Amino acid sequence: MGALSNLKMICEDTLQGRYELEVIDLLQNPTLARGDQILAVPTLVRRLPTPIKKVIGDLSNRERVLIGLDLRPR
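From a predicted model like this one, the values you see are computed outputs, not experimental measurements. (Residues numbered from 1 in each chain as written. Predicted model: local features only at pLDDT ≥ 70, side-chain atom pairs only at ≥ 80, totals over all residues. Heavy atoms only, no water.)

## Digging into the pattern of salt bridges
Thinking step 1. Inspection of the entire model under this criterion finds 1 salt bridge.
Thinking step 2. Here Arg62 ties to Asp13 by a salt bridge, and the two come within 3.5 Å at their closest N and O atoms. Here Arg62, found in helix α3 (residues 62-68), pairs with Asp13, found in helix α1 (residues 3-15); they are 49 residues apart in sequence, far enough to count as distant.
Thinking step 3. On the basis of relative accessible area, Asp13 is assigned to the partly exposed category, the value being 44%. (Salt bridge = Lys/Arg side-chain N within 4 Å of Asp/Glu carboxyl O. Helix = DSSP H or I, 4+ residues; strand = E, 2+ residues; numbered from the N terminus. Buried < 20%, exposed > 50% of the residue type's maximum accessible area, 1.4 Å probe, protein only.)

Structure, rendered in structure tokens:
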């Protein structure tokens, strides 16, 4: 399963439609990487609710993604 499909499954299971995903190709929009201070790919950025949360690297570990996005207690 790919990172994006895994992420969609995590979001749907956890947030049940209360989310919006935007995929940005940094080769086409490199200035966006600077704005979100992205240093590595893949990087997942949760903007709302604040504070901003980031998960960098492998998105296949469900628990790591949930903890990184502050959607599950540590």
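## Comments concerning the confidence of the model for the chain
Thinking step 1. Taken over all residues, the pLDDT of the chain has a mean of 87, while the share at 70 or more is 96%.
Thinking step 2. Looking across the chain, the model is least confident in helix α2 (residues 30-35), with a mean pLDDT of 83, and most confident in strand β2 (residues 53-56), with 92. (pLDDT = per-residue confidence, 0-100.)

## Describing the nonpolar core
Thinking step 1. Within the largest apolar cluster, 9 residues are counted, these being Leu7, Ile10, Cys11, Leu44, Val55, Leu59, Val65, Leu66 and Leu69.
Thinking step 2. Listing elements by their share of this core, those giving two or more residues are α1 and α3.
Thinking step 3. Here this core takes 3 residues from α1, the largest share from any one element.
Thinking step 4. Residue contacts for Leu7: discarding those within four places in its chain leaves Leu21, Leu44 and Val65. (Core = buried A, V, L, I, M, F, W, Y, C linked by side-chain atoms within 4.5 Å. Contact = heavy atoms within 4.5 Å.)

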